[in-house]
Amino acid sequence: MRISPVRMASPTTKPTMKERILETADRLFYLKGIRAIGVDTIAAEIGISKRTLYNHYPSKDTLISAYLERRFVQPHASDKSPVEQILATFDSLERRFSAKDFRGCPFVNAVAEVGPENRSVRKIAVAFKESRRLWFRGLLAQIGVA
């Protein structure tokens, strides 16, 4: 499965309404939970009608999928050695885990909240975890670790 990253507005351009909705949903879903946040809350936070929100995201499930796709970021190519890349990943995770606003893995949280029967959420979460597994496997193979 290939997930396309959401294009973010550059600092000099005003974000589109779709980007504003997604940025707000991302922040609220992650900090408060997907089930705790309704489209009414997202629309009110931005100052738009639910109809405007639904013009960009036809359902809450569509918005949840877009939120997860936005967070599905591939590791950047690096000139560092495989060992340095692996260690840097764990250093980054340690910093994230100790942050005050850390609320866990957004992919695991989403599956736990909406249930594994939500196929689109499950598919994105599994694809994310598999992409990380393959990335680590590739780096480990480069240094001769089975």
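Residues numbered from 1 in each chain as written. Predicted model: local features only at pLDDT ≥ 70, side-chain atom pairs only at ≥ 80, totals over all residues. Heavy atoms only, no water.

S.K.: Quick question: what am I supposed to make of a nonpolar patch on the surface here?
M.R.: A contiguous nonpolar patch, built from Val83, Leu87, Ile143 and Val145 and spanning about 310 Å² of accessible area, is present on the exposed surface. Looking at the secondary structure, you find Ile143 in the segment after helix 7 (119-142). (Patch = residues over 30% accessible without salt bridge, like charges linked within 9 Å, V, L, I, M, F, W, Y side chains within 5 Å. Areas by Shrake-Rupley, 256 points an atom, 1.4 Å probe, with all protein chains shown as cover. Salt bridge = Lys/Arg side-chain N within 4 Å of Asp/Glu carboxyl O. Helix = DSSP H or I, 4+ residues; strand = E, 2+ residues; numbered from the N terminus.)

S.K.: Would you explain the side chain of Thr24 in this entry?
M.R.: Mapped onto the elements of the fold, Thr24 is located in helix 1 (residues 17-32). Judged by its relative accessible area of 10%, Thr24 is buried. Sequence-distant contacts of Thr24, defined by excluding residues within four places in its chain, comprise Ile42, Glu45 and Ile46. (Buried < 20%, exposed > 50% of the residue type's maximum accessible area, 1.4 Å probe, protein only. Contact = heavy atoms within 4.5 Å.)

S.K.: Which parts of the structure should I look at to understand the pattern of salt bridges?
M.R.: Side-chain pairing between opposite charges can occur once the charged atoms of the two side chains come close. Inspection of every chain in the model, using the stated rule, returns 5 salt bridges. Note that Asp26 and Arg70 form a salt bridge whose closest N and O atoms lie 3.0 Å from each other. You can see Asp26 sitting in helix 1 and its partner Arg70 sitting in helix 4 (residues 60-71), a full 44 residues away along the chain. Across the salt bridge formed by Asp26 and Arg71, the nearest N and O atoms sit 2.8 Å from each other. Placement of Asp26 in helix 1 and of Arg71 in helix 4 is noted, with a sequence separation of 45 residues between them. Given a relative accessible area of 27%, Arg71 falls into the partly exposed group. The network of salt bridges with shared partners includes Asp26, Arg70 and Arg71.

S.K.: Any chance you could explain the layout of surface pockets here in plain terms?
M.R.: Here the idea is plain: a probe the size of a water molecule rolls over the atoms and shows the empty space left. One number sums up the size of the largest pocket: a volume of about 840 Å³. Forming the boundary of the largest pocket are 27 residues, of which Ser92, Leu93, Arg96, Phe128 and Arg132 lie nearest the centre. Looking at the lining of the largest pocket, the element that brings in the most residues is helix 5 (residues 82-98), giving 8 residues. Looking at side-chain class alone, the lining of the largest pocket contains 14 nonpolar, 7 polar and 6 charged residues. (1 Å grid on protein atoms, 1.4 Å probe; cavity = no way out; pocket = protein on both sides within 12 Å on 5 of 7 lines; lining within 4 Å. Points joined across faces, edges and corners; volume = space filled by probe spheres on them. Nonpolar A, V, L, I, M, F, W, Y, C, P; charged D, E, K, R; others polar.)

All quantities given are derived from atomic positions and should not be read as evidence of function.
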